[in-house]
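Topology and contacts: notes
Residues per chain, in single letters:
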There are 4 protein chains.
Amino acid sequence: MKAARLHEFHRPLVVEEVPDPKVSSPFDVVVRVGAAGLCRTDLHIREGQFEEAQKEAGLSLPYSPGHENAGWVAAVGEAVTNVDVGDKVILHPLITCGLCRACRDGDDVHCDRSVFPGLFAPGGFAEYLLTGARSVIKIDDSLEPVDVAPLADAGLTAYHAIKKALPLLYPGTTCVVIGAGGLGHIGIQCLRAMSSSRIVVLDSNSAALALATEWGADETILVDGDQVRAVQHVTLGRGAEVVLDFVGESGAEKWGVDLLKRKGYYFVIGYGGSLDVPTMQIILTEINFIGNLVGSYNDLVELMELASLGKVKLHTSSYPLDDVNRAIEDLDNGRLRGRGILVP
Amino acid sequence: MKAARLHEFHRPLVVEEVPDPKVSSPFDVVVRVGAAGLCRTDLHIREGQFEEAQKEAGLSLPYSPGHENAGWVAAVGEAVTNVDVGDKVILHPLITCGLCRACRDGDDVHCDRSVFPGLFAPGGFAEYLLTGARSVIKIDDSLEPVDVAPLADAGLTAYHAIKKALPLLYPGTTCVVIGAGGLGHIGIQCLRAMSSSRIVVLDSNSAALALATEWGADETILVDGDQVRAVQHVTLGRGAEVVLDFVGESGAEKWGVDLLKRKGYYFVIGYGGSLDVPTMQIILTEINFIGNLVGSYNDLVELMELASLGKVKLHTSSYPLDDVNRAIEDLDNGRLRGRGILVP
Amino acid sequence: MKAARLHEFHRPLVVEEVPDPKVSSPFDVVVRVGAAGLCRTDLHIREGQFEEAQKEAGLSLPYSPGHENAGWVAAVGEAVTNVDVGDKVILHPLITCGLCRACRDGDDVHCDRSVFPGLFAPGGFAEYLLTGARSVIKIDDSLEPVDVAPLADAGLTAYHAIKKALPLLYPGTTCVVIGAGGLGHIGIQCLRAMSSSRIVVLDSNSAALALATEWGADETILVDGDQVRAVQHVTLGRGAEVVLDFVGESGAEKWGVDLLKRKGYYFVIGYGGSLDVPTMQIILTEINFIGNLVGSYNDLVELMELASLGKVKLHTSSYPLDDVNRAIEDLDNGRLRGRGILVP
Amino acid sequence: MKAARLHEFHRPLVVEEVPDPKVSSPFDVVVRVGAAGLCRTDLHIREGQFEEAQKEAGLSLPYSPGHENAGWVAAVGEAVTNVDVGDKVILHPLITCGLCRACRDGDDVHCDRSVFPGLFAPGGFAEYLLTGARSVIKIDDSLEPVDVAPLADAGLTAYHAIKKALPLLYPGTTCVVIGAGGLGHIGIQCLRAMSSSRIVVLDSNSAALALATEWGADETILVDGDQVRAVQHVTLGRGAEVVLDFVGESGAEKWGVDLLKRKGYYFVIGYGGSLDVPTMQIILTEINFIGNLVGSYNDLVELMELASLGKVKLHTSSYPLDDVNRAIEDLDNGRLRGRGILVP
């Protein structure tokens with residue numbers, strides 16, 4: 001098959017012929033890739049930021065990145081009962097064991113023995129991809145791989161955080177969304193579909209804020225140094241019950257905390273910076289910080305339901321797999337509109 | 001009446017005659033103080049750490065500290081229906097409005113208009129104290145004010161945090177308790193009374209650890225620089241589902257975070273230091289940080305139930321109100337065993 | 001003031017002059033009634049179905065019914081701080097004590113000492129009504145008493161049940177609504193505003209089903225004897241995660257149970273019939289039955305937020321208070337479209 | 001191997017030689033049975049009460065009952081990674097798929113494709129038993145199969161219901177336990193280990209009540225016709241926050257409902273009778289009825305933790321497998337003390 005592989009860090013990927021992946025254990029599933037999302041993490045991989053971790057996981061170059069995948073089942077192991085060859089599927093990003101406490105509690109991402117294709121095993125920048133029976137979700141006839149692939153990771157991460165926040169978001173509350181980019185734009189749509197909380201979106205980009213209104217934001221506020229005062233203004237000085245921080249760096253993780261109401265919840269989703277909060281402040285206002293890591297298989301099933309209802313739509317730009325390096329450059333240079341998608 | 005009042009910061013309190021507090025609004029309750037707990041916060045008050053905040057709240061010297069109070073109802077306003085003169089009561093530390101959203105959700109400490117006797121209004125280092133109908137809890141015949149006063153704040157804070165943690169503490173989990181002091185020793189007893197989770201107690205004082213075992217700890221670990229490795233050892237390298245940090249300073253709030261299991265919860269209860277955690281770490285392990293502020297009236301009712309069942313017992317040393325300054329010195333110099341209690 | 005009072009069971013109300021209610025205790029609030037909803041319960045009152053209970057509560061004829069009230073604050077007791085004379089308000093149906101465990105947990109309807117104007121005390125079929133500070137909610141400028149009065153009870157009951165059901169109604173689930181009448185039509189709008197669950201509405205009236213689609217139903221099914229099979233058909237034989245039974249009589253409470261999926265929840269809201277379910281069936285499918293009684297003050301605040309957002313709208317027909325008996329007859333004879341509202 | 005098989009309904013089992021079960025699919029596990037609990041359900045099986053259901057499931061006579069099993073792993077399929085040959089294990093009663101929504105939510109008993117050995121497939125009244133990797137739990141060295149086998153089903157059912165009830169059982173609440181028999185005696189111990197709620201146990205057998213006190217009951221009440229009044233007496237007329245009905249027949253499911261406090265929860269665990277409750281009563285008191293079906297794999301892991309801590313102990317009587325019919329007769333005639341256990 002054709003695959004785009006990283007042979008050397010800091011260098012372009014090489015599109016080349018490699019052997020097809022094969023079913024070798026009873027729960028294996030081989031998927032013909034229909035679309036693979038391009039993610040900022042792929043830039044970090046190319047820069048070697050995961051070199052150590054990949055070595056520890058036993059992955060050596062060359063290999064294909066690509067962890068947001070959708071396509072069609074091409075082959076299944078003998079014990080696979082939930083999909084058939086030809087089924088149109090999206091892939092949960094992890095291959096999980098199904099036997100540990102976490103798997104048995106629905107917390108797939110905390111599986112004791114998970115494998116992460118695209119990061120620590122060959123990924124979806126290729127014509128075929130090896131995954132497992134526990135990772136494939138049949139999608140609605142109305143959806144195509146190229147329309148949904150980025151929901152597998154970026155979308156799932158946003159959905160997972162929002163589902164955890166929903167019990168806090170009754171009518172009359174305010175939910176601040178920091179960052180209306182790749183994850184945020186899905187998050188806003190999920191919030192709109194599942195709550196009547198007031199959605200206040202903050203971004204440093206006016207164009208993103210204009211789109212946020214289309215996706216369902218009630219208020220938008222430009223991050224221009226005055227944003228904390230602006231949020232206090234629209235919340236009558238009380239702050240927000242929930243802050244969803246899709247940025248997590250560049251200072252957002254500092255001023256974002258000042259947007260919280262007493263007893264508020266700060267959802268850490270984006271990353272890069274550090275939380276730095278006096279315990280005195282945490283206690284006097286009884287605020288909380290909630291970590292978020294991708295999402296479960298069932299979360300992804302639910303998100304696909306929102307997609308099939310037309311309630312969550314992605315902004316995407318597609319590239320043929322042969323143009324993978326052009327797509328990467330466009331992403332790196334800010335020329336890519338919406339999520340980039342590679343089509344083998 | 002006799003009252004011990006602070007006339008000047010950094011100076012001893014003065015025991016003197018002052019007018020009795022009077023009922024002036026329909027929900028007022030005057031309590032004859034039977035016992036008032038002495039708390040490290042009272043040292044901070046004497047040092048003037050709350051000077052600014054007290055001014056803002058309209059409180060000026062001289063005044064009586066004392067925010068952990070129990071006694072007998074001495075007089076009630078016309079609209080008070082829940083207690084009668086003579087009733088033996090413990091006092092929730094706040095006087096609350098009963099009308100705001102927080103009060104109506106059972107979150108007394110987030111009341112929009114609360115008053116805090118002892119900190120921002122005259123407190124319990126006196127023969128009588130003014131509080132409100134919403135702050136008094138009748139206690140069991142078997143309990144005496146001198147036995148329970150510190151449960152009003154120190155105990156309530158520990159109970160509140162543990163009640164929030166309980167759903168995470170099913171059999172087979174590990175709960176790390178950092179600090180077996182004033183709050184911790186109540187917390188350990190509450191945990192033992194309401195869960196079968198393994199309780200691992202950390203303290204820098206061996207004597208406190210010996211007592212912790214009596215209160216119900218399953219394991220005790222000396223904080224000697226090797227405590228993180230020791231916790232990893234007893235949890236087979238996985239860490240703890242829950243960490244209750246009753247210290248919150250002196251580095252505990254740093255190494256304490258390393259005790260968490262994936263998806264673990266860190267309860268911030270003690271204070272002084274700062275949380276400082278990379279968002280990358282929060283996300284990769286999906287950990288959470290939960291603020292805790294005193295507790296609700298209903299929490300205190302439940303804690304008094306544990307006390308009346310004999311499941312929570314306090315270590316105390318009593319002083320006559322006249323000896324208030326000796327008690328404060330003993331606390332300041334580490335000579336006070338257990339919680340100090342002033343008896344008017 | 002003018003009031004419509006019941007002097008004798010089974011007889012028309014008498015519109016007459018009576019003394020105005022007066023503030024007599026510190027938390028009293030007198031409201032000038034702007035609109036009072038007419039409810040089927042008022043028919044039952046007229047028939048004497050509550051005669052016994054009213055006697056026990058110390059209520060004797062003549063008195064004014066009317067338990068769904070909105071208007072303007074006319075006078076307040078000395079301790080009232082949350083509203084001022086002139087404020088536009090809707091009234092929670094109960095006057096509550098604010099001191100018992102239930103009140104302090106936000107469960108207003110389980111208050112140990114509640115008073116229920118309209119049922120067990122003089123109600124809103126009058127120019128003025130006596131209530132308490134804990135029962136008044138200021139409403140948005142954009143809303144008028146005549147538009148919202150029935151939300152005080154009918155709407156609140158629907159909202160309360162749905163809020164309890166929401167955690168079960170993630171995307172991909174099915175919520176069956178039995179009954180698209182007074183409560184159901186509000187319930188459907190609340191569901192649509194707060195979830196993306198599929199809403200399947202059952203009613204024996206085709207006209208009601210047509211409206212249900214406008215309010216947000218995804219599927220409508222006529223109750224014609226074949227409704228259980230029809231629901232099984234649209235749920236692929238699995239049944240619904242949630243059934244909201246706004247009828248509770250005439251057999252709905254029997255066949256409704258057969259609509260449940262394994263581990264499903266049956267919300268009993270309407271009443272009249274009896275649940276009759278073999279324990280064997282309850283156990284083998286692990287189904288649940290949830291009682292629902294009106295709702296809390298905070299629930300009503302949230303519902304008013306949905307109303308001010310335009311997400312919940314009432315179908316109403318207004319009558320002057322002088323025409324109260326005509327309104328009652330219209331309701332009794334099925335000639336009343338939407339909820340009836342009396343305007344003093 | 002030796003197996004005790006039912007050849008004909010209403011007739012004794014036949015102890016005979018049959019072929020050993022073999023591993024045939026990748027996740028199969030063969031267990032050498034160390035102990036198999038004898039359950040009242042086995043009497044119902046012998047009477048043919050499950051004849052229809054067994055036919056539908058494709059099971060035909062002769063076959064071995066036995067659904068409460070513990071022992072040692074004897075052989076494993078190629079994909080099994082969680083146990084090794086020789087491991088000492090207890091068996092979750094169901095073999096589950098691990099792929100359906102329920103399995104992925106931790107709700108093993110609602111698996112779309114589960115198999116139930118002992119009821120719908122060959123069970124543990126034999127020297128060897130075929131199960132799956134998802135059904136085996138390694139047990140602590142300190143525990144032996146003969147000590148724990150009945151925890152696999154009877155114990156699990158009690159634990160599961162109690163875990164669901166725990167959030168309702170804060171200090172000061174009352175939990176009524178109806179039935180101190182096979183499930184109840186485990187339930188009482190679980191309650192005592194995980195809560196400080198007051199436990200009030202009702203049974204028609206005084207000897208059982210005496211034991212209940214040893215297991216942790218705070219109050220015991222004889223079911224003698226006056227039990228409702230007695231419960232109202234000890235709850236000061238308020239009723240119990242939680243009723244755990246381990247009987248579910250013979251009238252308990254009728255008078256049991258009268259023991260509930262307003263907003264109380266009735267856990268249906270035992271079965272045989274029918275719930276029959278007016279919807280008016282359900283609504284006016286906002287009571288709830290919760291179905292309970294066995295429990296999850298993770299529940300069983302937690303229960304085994306309580307067992308290894310010595311907090312849950314079983315009363316048992318052992319019989320050699322050859323004496324299976326004597327054991328059955330003893331159970332049928334009420335001569336069996338504690339749970340009966342067959343040892344191959």
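Residues numbered from 1 in each chain as written. Chains lettered and ligands numbered in written order. Predicted model: local features only at pLDDT ≥ 70, side-chain atom pairs only at ≥ 80, totals over all residues. Heavy atoms only, no water.

Next up on the list: the domain arrangement of chain A. Residue and element names in this part refer to chain A. The domains assigned to chain A are domain 1 (2-151 + 314-343) and domain 2 (156-291). If you average the C-alpha positions of domain 1 and of domain 2, the two centres end up 30 Å apart. Listed by partner, the interface residues are 8 residues for domain 1 and 8 residues for domain 2. Taking both partners together, domain 1 and domain 2 bury about 600 Å²; carbon and sulfur atoms supply 61% of that area. Among the residues of domain 1 in contact with domain 2, Leu 151, His 315 and Arg 339 are the three that bury the most area, contributing 60% of the side total. Across the domain 1-domain 2 interface, the total number found is 0 salt bridges. At the junction of domain 1 with domain 2, the criterion picks out 2 residue pairs in polar contact (both at pLDDT 80 or more). Looking at side-chain class alone, the side of domain 1 that touches domain 2 contains 3 nonpolar, 4 polar and 1 charged residues. (Domains from an automatic or database assignment. Contact = heavy atoms within 4.5 Å. Buried area = accessible area lost by both parts, 1.4 Å probe. Salt bridge = Lys/Arg side-chain N within 4 Å of Asp/Glu carboxyl O. Polar contact = N/O pair within 3.5 Å; in protein donor to acceptor, adjacent residues only side chain to side chain. Nonpolar A, V, L, I, M, F, W, Y, C, P; charged D, E, K, R; others polar.)

This paragraph deals with the side chain of Thr 41 of chain A. All names here are of chain A. For Thr 41, the position within the fold is in helix α1 (residues 40-46). A relative accessible area of 14% means that Thr 41 is categorised as buried. Not counting residues within four places of it along the chain, the set of residues in contact with Thr 41 comprises Phe 50, His 67, Leu 119 and Tyr 271. (Helix = DSSP H or I, 4+ residues; strand = E, 2+ residues; numbered from the N terminus. Buried < 20%, exposed > 50% of the residue type's maximum accessible area, 1.4 Å probe, protein only.)

Right, let's talk about the interface of chain A and chain D for a bit. Each partner contributes to the interface: chain A provides 22 residues, whereas chain D provides 22 residues. Taking both sides of the interface into account, the surface hidden between chain A and chain D amounts to around 1900 Å²; carbon and sulfur atoms contribute 45%. In terms of surface lost to chain D, no three residues of chain A exceed Leu 99, Arg 104 and Asn 298 of chain A, which account for 38% of the buried area on that side. Our count for the chain A to chain D interface comes out at 4 salt bridges. Across the salt bridge formed by Glu 302 of chain A and Arg 101 of chain D, the nearest N and O atoms sit 2.7 Å from each other. The tally of links from chain A across to chain D stands at 12 residue pairs in polar contact (both at pLDDT 80 or more). Contributing elements (two or more residues each) for the side of chain A that touches chain D: α3 (101-104) and α11 (297-308) of chain A. The residue inventory of the side of chain A that touches chain D, partitioned by class, reads 7 nonpolar, 6 polar and 9 charged.

Attention now moves to the relation of the copies chain D and chain C. Its rotation angle being 180°, the transformation that places chain D on chain C also includes 0.0 Å of axial translation and leaves an RMSD of 0.0 Å. In short, the pair behaves as if placed about a two-fold rotation axis. A symmetric contact is evident, with 100% of the interface residues of chain D recurring at the interface of chain C. (Least-squares fit on C-alpha atoms with pLDDT ≥ 70 in both.)

What follows is about a nonpolar patch on the surface. On the surface, Met 280 and Leu 284 of chain C together with Tyr 271 of chain D cluster together into a nonpolar patch covering about 250 Å² of accessible area. When its relative accessible area of 36% is taken as the criterion, Met 280 of chain C is described as partly exposed. (Patch = residues over 30% accessible without salt bridge, like charges linked within 9 Å, V, L, I, M, F, W, Y side chains within 5 Å. Areas by Shrake-Rupley, 256 points an atom, 1.4 Å probe, with all protein chains shown as cover.)

What follows deals with the relation of the copies chain A and chain D. Rotating chain A by 180° and translating it 0.0 Å along the rotation axis places it on chain D, where the RMSD comes to 0.0 Å. Of the interface residues in chain A, 100% have counterparts in chain D that sit at the interface too, so the contact is made through matching surfaces.

A sheet is described by the order of its strands in space; here 12 strands give the open sequence β10(A)-β9(A)-β8(A)-β11(A)-β12(A)-β14(A)-β14(B)-β12(B)-β11(B)-β8(B)-β9(B)-β10(B), paired in mixed fashion. At either end of the open sheet lies a strand with only one pairing partner, and these are β10 (219-222) of chain A together with β10 (219-222) of chain B. Pairwise comparison of adjacent strand axes, ignoring direction, gives a mean angle of 20° for this sheet. Inspection of the sheet shows strand β12 (residues 260-268) of chain B paired to strand β14 (residues 288-291) of chain B by 4 bridges, in the parallel sense. For Val 268 of chain B, the partnering residue across the bridge sits in β14 of chain B and is Gly 291 of chain B. The strands that helix α6 (residues 184-194) of chain A touches are β8 (174-178), β9 (198-203) and β11 (240-245) of chain A; relative to β9 of chain A, the one it contacts most, it runs at about 175°. Relative to the sheet, helix α8 (residues 227-234) of chain B contacts β8 (174-178), β9 (198-203) and β10 of chain B, its axis offset from that of β10 of chain B by approximately 155°. (Pairing = 2+ DSSP bridges. Axes fitted to C-alpha atoms, helices over the stretch in contact; angles between N-to-C directions.)

This brings us to the interface of chain D and chain C. In this complex, chain D contributes 38 residues to the contact, which on the side of chain C involves 38 residues. For the chain D and chain C pair, buried surface summed over both sides reaches about 3100 Å², with 52% attributable to carbon and sulfur atoms. The largest share of the area that chain D buries against chain C comes from Thr 279, Ile 283 and Glu 286 of chain D, three residues that together contribute 20% of it. Residue Asp 112 of chain D is joined to Arg 238 of chain C by a salt bridge in which the shortest nitrogen-to-oxygen separation is 3.0 Å. The interface formed by chain D and chain C includes 31 residue pairs in polar contact (both at pLDDT 80 or more). With 6 residues, the single largest contributor to the side of chain D that touches chain C is helix α10 (residues 279-285) of chain D. The class makeup of the residues in the side of chain D that touches chain C is 16 nonpolar, 12 polar and 10 charged. In terms of strand pairing, strand β14 (residues 288-291) of chain C meets strand β14 (residues 288-291) of chain D through 3 bridges, oriented antiparallel. Following the sheet pairing, Asn 288 of chain C is matched in β14 of chain D by Ile 290 of chain D.

This part is about the sheet that holds β14 of chain C. The strands making up a sheet associate through backbone hydrogen bonding, with each pair oriented either parallel or antiparallel. Taken together, 12 strands build an open sheet; the order of strands is β10(C)-β9(C)-β8(C)-β11(C)-β12(C)-β14(C)-β14(D)-β12(D)-β11(D)-β8(D)-β9(D)-β10(D) and the sheet is mixed. Either end of the sheet is taken by a strand with one partner, and the two such strands are β10 (219-222) of chain C together with β10 (219-222) of chain D. Geometrically, the sheet is characterised by an average inter-axis angle of 20° between neighbouring strands, direction not taken into account. Against the sheet, helix α8 (residues 227-234) of chain C contacts β8 (174-178), β9 (198-203) and β10 of chain C, and its axis sits at roughly 155° relative to β10 of chain C.

Moving on, we come to unusual backbone geometry. A cis amide bond, omega -5°, links Leu 61 of chain A with the succeeding residue Pro 62 of chain A. Mapping Pro 62 of chain A onto the fold places it in the loop between α2 (51-56) and β4 (69-76). In this structure, Ser 250 of chain B takes a positive phi of about 60° despite not being glycine. Secondary-structure assignment places Ser 250 of chain B in the loop between β11 (240-245) and α9 (252-255).

All names here are of chain C. Their axes nearest at 9 Å, the elements helix α5 (residues 154-165) and helix α11 (residues 297-308) cross at an angle of 100°. As far as their axial angle goes, α11 and α5 are roughly perpendicular. Side by side, α5 and α11 meet where Gly 155, Leu 156, Tyr 159, His 160 and Lys 163 of the first sit next to Asp 299, Leu 300, Glu 302, Leu 303 and Leu 306 of the second. Residue composition of the contact of α5 with α11, by class: 5 nonpolar, 2 polar and 3 charged. (Parallel < 35°, antiparallel > 145°, perpendicular 65-115°, else oblique.)

Residue and element names in this part refer to chain D. With respect to the helices and strands, Tyr 319 occurs in strand β15 (residues 316-320). Relative accessible area serves as the criterion here: at 7%, Tyr 319 is assigned to the buried category. Between the alpha carbons of Tyr 319 and Pro 12 there is a distance of 16 Å; along the sequence they are 307 residues apart. For Tyr 319, the residues in contact, after removing those within four places along its chain, are Arg 326, Ala 327, Asp 330, Leu 336, Ile 341, Leu 342 and Val 343. Here the side chain of Tyr 319 touches Asp 330 through a polar contact of 2.7 Å, side chain to side chain.

Another aspect to go through is helix α7 (residues 206-215) of chain C. Residues and elements named next belong to chain C. Along α7, the residues classified as buried are Ala 208, Leu 209, Ala 212 and Trp 215. End-on, the buried residues of α7 take up no more than an arc of 110°, which puts them together on one face. Residues of α7 that are exposed and angled more than 90 degrees away from the buried face: Ala 207 and Glu 214. Those residues of α7 hidden inside the fold are in contact with α6 (184-194), β9 and β10. Put simply, Asn 205 is the residue that caps the front of α7, since its side-chain oxygen is 2.7 Å from the backbone nitrogen of Ala 207. Positioned one or two residues after α7, Gly 216 has a phi angle of 130°, which is positive. (Arc of directions from axis to C-beta.)

On to the pattern of salt bridges, then. Residue and element names in this part refer to chain D. Using the criterion set out here, one finds 92 salt bridges over all chains in the structure. Its salt-bridge partner being Asp 322, residue Lys 2 comes within 3.1 Å of it at the nearest N-O pair. Placement of Lys 2 in strand β1 (residues 2-5) and of Asp 322 in the loop between β15 and α12 (324-332) is noted, with a sequence separation of 320 residues between them. A relative accessible area of 25% places Lys 2 in the partly exposed class. For Asp 322, a relative accessible area of 45% gives the class partly exposed.

This brings us to the side chain of Asn 69 of chain B. Residues and elements named next belong to chain B. With respect to the element layout, Asn 69 can be found in strand β4 (residues 69-76). Polar contacts involving the side chain of Asn 69 include one to the main-chain carbonyl oxygen of Gly 66, which spans 3.1 Å. In this structure Asn 69 touches Ala 35, Ala 36, Ile 90, Leu 91, Gly 124, Leu 129, Ala 149 and Ala 152, once residues within four positions along its chain are discounted.

The end-to-end C-alpha distance of α11 of chain A, which contains 12 residues, comes to 17 Å, matching closely the 16 Å that a straight helix rising 1.5 Å per residue would cover. With respect to burial, α11 of chain A is a largely interior element, 9 of its 12 residues being buried. Buried within α11 of chain A are the following residues: Tyr 297, Asn 298, Asp 299, Leu 300, Glu 302, Leu 303, Met 304, Leu 306 and Ala 307 of chain A. Tucked inside the fold, the buried residues of α11 of chain A contact β5 (88-91), β7 (136-138), α4 (145-148), α5 (154-165) and α6 of chain A together with α3 (101-104) of chain D. Backbone nitrogen of Asn 298 of chain A and a side-chain oxygen of the N-cap are separated by 3.4 Å at the start of α11 of chain A; the cap is Ser 296 of chain A. Where α11 of chain A ends, the next residue or the one after it, Gly 310 of chain A, has phi of about 80°, a positive value. (Expected span 1.5 Å × (residues − 1).)

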